[in-house]
Amino acid sequence: MNAKLKEINDMEMTSRSQNAFSLQEAVSPELRPLALKVEAGERLTREDGIRLFRSQDLLGIGRLAQVVRRRLHGDRAYFVYNQHINYTNICINRCRFCAFARDPGQEGGFLLSPDQVEEKVRSRLHEPIQEIHIVGGLHPGLGLDYAVELLRRIRRLRPETALKAFTAVEVDHFARKEGCSAEEVLQELKKAGLSALPGGGAEVFSERLRHRLFPRKISAQRWLAIMEAAHSLGIPTNATLLYGHMETMEERVEHLLMLREQQDRSGGFMAFIPLAFHPKNTALSHLPRTSGWDDLKVIAAARLILDNIPHIKAYWVMIGPKLAQVALSFGADDLDGTVLEEKISHMAGAETAQGMTPAELHDLIGRAGFRSVQRDAFYGEVSGCLA
Amino acid sequence: MSCLRSVTEKVRDGARVTLEEALLLHEEADLLELGDLARWRRFAANPHRVVTYVVDRNINYTNVCLSRCRFCAFHRGPGDPDAYILDRGALAEKIHETLKLGGTQILLQGGLHPDLGLDEILEMLRWIRQHFSIHVHGFSPPEIVHMARGAGLPLEETLLRLKEAGLGSIPGGGAEILVDRVRKEISPRKCTADEWLEVMRVAHGLGIPSTATMMFGHVETVEERIRHLEAVRSLQDETGGFTAFIPWAFQPHHTRLGGTPATAVEYLRTLAVSRIFLDNIPHIQASWVTQGDKVAQVALEFGADDFGSTMIEENVVAAAGVRFRISRERMEQLIQDAGYTPRQRDTFYRWL
């Protein structure tokens, strides 16, 4: 089937499932005004967002999100063959929700030399890896030189692979170390081979929570400014929200709206990734893990509010492959990828496996009734690559 | 499509669906639409925004089993080094602990041990009754068939003696898929579908209620799943003795049958179709044991109204490499988070 035909087919599928029950009838009364807006393709307001989070009609929220998801992506669901590298867990920020970071000199701290990073990449050169995801702590001794060195070395080994590296928080750290602007840092990184920025470090855009949970981390304004700088340099990025700790529903909605405004201005966000807080081994270990409802609600609300960000990721490492699969029907269109060596959430007690094979991801998507698309870092389809 | 639409309307009208219609729903309906229909039926059957759970413990009195089903990772041969029969001391300790944690029942099940006959089981029941005040939810139909055969007694007499000795209700295990083609393939030495149903028929007739289960996601077709539901529904029309239905997904690790488990989406579809099809069974349990607590919570939108048991102890699914755990606080938190009131219940689904 050619692409155009497929598209028509998808549209038909969507309208058929809508006709089977009008969207308004399908949701509980408090969601009906939203159903009208969704059908008309209208932008949701702050109040609409809060209404979504307050509603107990999980299926109704899901059905609204599914309309938008199918409009954008039909029955496609994406995954990527990727590799994760965490180069250090030594971090001067010491956010209270983090189980990964260590102080300089503390037991369990690690720092990978450029040689060690190179070895990690070299050891998997035979694999069809599309994207390498590189993030680390704010090591007091590491500056831009180190970051540039990593990118150059990996770029030499893997000229075709996308390097999605360094969150806005790390970019800011390099800028401060060098006494230069974030733009200058980004330019240097780009020259060294950077392809995209991951969306981490956004946490929750709330000064109230920043003071209580991550006082040394950059502010929302700084995070957004660095993203804007990246976008203007042609470096696409992702965006995240860390939820399920002490934030209110209003703060979640505010966060999503700030991302939406930023996207209106700079347009470079590819995907939004809600990150479920994992309390184990953190300073907030008394809090419960997120619930399945919460995970699905955040995904669906993000799909509905972020009308200008193309992809919503159900990150299986965080919420488990089972719920991630279900999330494909609640607005998500991407499961992230094979991952293999994830440290940050596993140190916070994530009970998921370390990795999944492309065949497993393909199977998971197919058995949810979606068509799996193996993608590159920029959501281009990789053909015939199910390794 | 128009056909799917008419089935949808039928479900909303509260009408009974046929095997073909259930099959159509399972295969064609959008996942969330299917959930919506199941939720509709759930509230029709059970209008309270309450989700129940029971505090109990699985006690497996032996792991020796003559059935040696291919899907099972728990059974052992009589001569295996880790074969066991629980002694009275261990049994007492487990029941004590259950009571201390606010438990109201024990789920007492075991393999088909060649040396444990009806007399030994009756003695165990009497001993429990003598020492403890706790409801015994015990002995799935294959065990009862095994005891009746060993004792050379009819089912009715066997069940009557069990009841007199203290058996309160029967778990719905061993049903697997109630289609003999499937049973021959996965559990050839286990009782037939008709025998399973007959045990339940006789038990219900004697005033012993039971649950019913379905283990799916192995060699059966979706149609065979629905034929299973049909067998359960017909018997329920006759006896009314099933309190709840519990579908759960086969867990293949360490089993001879092997394969990949049903995914969460497949689980939710089957759960929803079960709720829609079984219009005469009041309660449907979510299975956190096989799905994890998050998907089990989501199952509350797909027709489930009961979170099952806190399971202070569980051995059979754990033997197949799946070790989800849940505390009572977590269970209550998940139920509340989904907008329901959690209520501890007894075996008969009465709120405590």
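Values in this document were obtained by computation on a predicted structure and should not be read as measured data. (Residues numbered from 1 in each chain as written. Chains lettered and ligands numbered in written order. Predicted model: local features only at pLDDT ≥ 70, side-chain atom pairs only at ≥ 80, totals over all residues.)

Draft legend 1. Layout of the overall build of chain A. Of regular secondary structure, chain A possesses 16 helices and 9 strands. Relative to the 2.2 N^0.38 estimate, which gives 21 Å for 387 residues, the radius of gyration of chain A is 20 Å and therefore close to what a compact globule would have. Counting the 387 residues in chain A, one finds 52% classified as buried. Long-range pairs, those at least 24 residues apart, make up 79% of the contacts in chain A with a sequence separation of at least 6. (Helix = DSSP H or I, 4+ residues; strand = E, 2+ residues; numbered from the N terminus. Rg over C-alpha atoms; globule rule 2.2 N^0.38 Å. Buried ≥ 20, exposed ≤ 12 C-beta atoms within 10 Å, placed from the backbone. Contact = placed C-beta atoms within 7 Å.)

Draft legend 2. Broad picture of the confidence of the model for chain A. Summarising the model, chain A shows a mean pLDDT of 92, and 94% of its residues fall at 70 or more. Across residues 15-20 of chain A the pLDDT falls below 50, and counting only partners more than four positions away or on other chains, this stretch makes 8 contacts in the model. (pLDDT = per-residue confidence, 0-100.)

Draft legend 3. Seen up close, the environment of P104(A). With respect to the helices, strands and loops of the structure, P104(A) is situated in the loop between β2 (82-86) and α6 (114-122). The spatial distance from the C-alpha of P104(A) to the C-alpha of C91(A) is 7.2 Å, given a sequence separation of 13 residues.

Draft legend 4. View of the sheet that holds strand β1 (residues 76-80) of chain A. All names here are of chain A. Spatial strand order, β8-β1-β9: 3 strands in an open sheet with parallel pairing. The open sheet terminates on both sides in strands that have one partner only, identified here as β8 (334-337) and β9 (371-375). Pairwise comparison of adjacent strand axes, ignoring direction, gives a mean angle of 25° for this sheet. Two strands pair when backbone bridges link them, and β1 and β9 are joined in this way by 5 bridges, in the parallel orientation. Within β9, the position partnered with R76 by the bridge is R371. Against the sheet, helix α16 (residues 358-366) contacts β1, β8 and β9, and its axis sits at roughly 145° relative to β9. (Pairing = 2+ DSSP bridges. Axes fitted to C-alpha atoms, helices over the stretch in contact; angles between N-to-C directions.)

Draft legend 5. Region of interest: the interface of chain A and chain B. Taken together, the contacts link 28 residues of chain A with 29 residues of chain B. Elements with a minimum of two residues in the side of chain A that touches chain B: α1 (3-19), α5 (58-73), α13 (292-305) and α15 (321-327) of chain A.

Draft legend 6. Looking closely at unusual backbone geometry. Residue N281(A) is not a glycine yet carries a positive backbone phi of 65°. Here N281(A) is to be found in the loop between β6 (269-276) and α13. Positioned with a positive phi, H254(B) is a non-glycine residue whose angle comes to about 65°. Turning to its location among the elements, H254(B) is positioned in the loop between β7 (242-249) and α11 (264-277).

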